[in-house]
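What the coordinates show
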Amino acid sequence: SAALQLQGISKSYRSGSTAVPALRDVSLAVPAGTFTAVMGPSGSGKSTLLQCAAGLDSPDSGKVLLGNTEISRLRSSALTRFRRDHVGFVFQSYNLLPQLTVAANTTLPLLLAGRETDHEWLDYVLEAVGLAGLGERKPQELSGGQQQRAAIARALITRPDVVFADEPTGALDSGTARQVLDLLRHTVSALNQTVVMVTHDPIAASHADSVIFLADGQLDGSLGNASSRDVA
Ligand code: ADP
Ligand code: ADP
């Protein structure tokens, strides 16, 4: 079954009196339990696609489905709730709060969702991302790679259906980047997660099960098991 379906989504941004198209009639399906990369040149619409797919932004037209839920129909409060329960997001710039410990940063989505922290699960997630024993550190006491691992732990803590990652290795050296990609890869199999990652790095994309290419806001082919047609 599909974890994510985009059905004919389009989106433009206003720039003065003109509309700049960012996505043009994009349809695709990402099977559950897979690791998918989205590639394309700068300005091709990768970030916009990820933001629309994660419910952080809404398309002008078309449908976005996460599992069986058509999130593009949800009102903002319902969408916020849905996102908190079902979606994880890893930002390129980590977005960790400097005054909070790694453990507190990681469990923040649970707090926001009004859910209890399961400390065994927290320890499991921190261990899975290679941060065992570092939960009481502050972000500035970690390396860049460790901060990105903390951002991934935070995206996994709610056991979301889908994890979206925007250039998760963009700020990392190649060795650390590979560890983070191995971690995402491992997450997909160990936790049966669905991960969708934007990257412009072909080496990063080579860790994925399938790659979707964007050019000029349109789908420009795919490799692997991602489908560019709707899956009912
Ligand atoms: P990518 O992630 O592939 O670099 P983006 O989705 O960021 O592509 O951008 C796609 C297009 O939309 C580009 O032409 C970009 O300049 C434009 N765009 C993106 N975000 C905005 C915005 N907030 N306001 C205006 N134009 C935007
Ligand atoms: P990326 O290549 O990772 O998408 P960008 O530098 O294109 O990063 O975009 C960074 C941020 O700036 C995004 O939030 C995007 O929406 C916004 N943005 C991109 N292009 C434009 C634009 N032409 N005008 C206004 N905001 C933009």
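An account of the accompanying structure is given in this report. (Residues numbered from 1 in each chain as written. Chains lettered and ligands numbered in written order. Predicted model: local features only at pLDDT ≥ 70, side-chain atom pairs only at ≥ 80, totals over all residues. Heavy atoms only, no water.)

**Some remarks on the side chain of Lys11**
Along the chain, the position of Lys11 falls in strand β1 (residues 2-15). Owing to a relative accessible area of 9%, Lys11 belongs among the buried residues under this scheme. In this structure the side chain of Lys11 is engaged in a polar contact, spanning 3.0 Å, whose partner is the backbone oxygen of Ser58. (Helix = DSSP H or I, 4+ residues; strand = E, 2+ residues; numbered from the N terminus. Buried < 20%, exposed > 50% of the residue type's maximum accessible area, 1.4 Å probe, protein only. Polar contact = N/O pair within 3.5 Å; in protein donor to acceptor, adjacent residues only side chain to side chain.)

**What about the environment of Gly144?**
The residue Gly144 is located in helix α5 (residues 144-156) in this model. What makes Gly144 partly exposed here is its relative accessible area of 30%. Each C-alpha atom, one on Gly144 and one on Glu167, is 14 Å from the other, the two residues being 23 residues apart in sequence. Those residues in contact with Gly144 that sit more than four places away from it in its chain are Tyr94 and Leu172. (Contact = heavy atoms within 4.5 Å.)

**Here's the deal with the packing of α5 against helix α6 (residues 174-190)**
Packing of α5 against α6 leaves a shortest axis separation of 10 Å and a crossing angle of 15°. As summarised for this structure, α5 and α6 are arranged roughly parallel, according to the angle between their axes. Like other packed secondary-structure pairs, α5 and α6 cross with a definite hand, here right-handed. Residues Gly145, Gln148, Arg149, Ile152 and Leu156 of α5 pack against Thr176, Gln179, Val180, Leu183, Leu184 and Thr187 of α6. (Axes fitted to C-alpha atoms, helices over the stretch in contact; angles between N-to-C directions. Parallel < 35°, antiparallel > 145°, perpendicular 65-115°, else oblique. Left-handed = near helix turned anticlockwise from the far one by under 90°.)

**Re the site of ligand 1**
Taken together, the residues surrounding ligand 1 are Tyr13, Val20, Ala22, Pro41, Ser42, Gly43, Ser44, Gly45, Lys46, Ser47 and Thr48. Measuring from an oxygen atom of ligand 1, one finds a side-chain N or O atom of Lys46 at 2.8 Å. One nitrogen or oxygen atom from the main chain of Ser47 is found 2.8 Å from an oxygen atom belonging to ligand 1. A total of 550 Å² of accessible area belongs to ligand 1 in isolation, and the protein chains cover 60% of it. (Near = heavy atom within 4 Å. Areas by Shrake-Rupley, 256 points an atom, 1.4 Å probe, with all protein chains shown as cover.)

These figures come from the coordinates and say nothing about function on their own.
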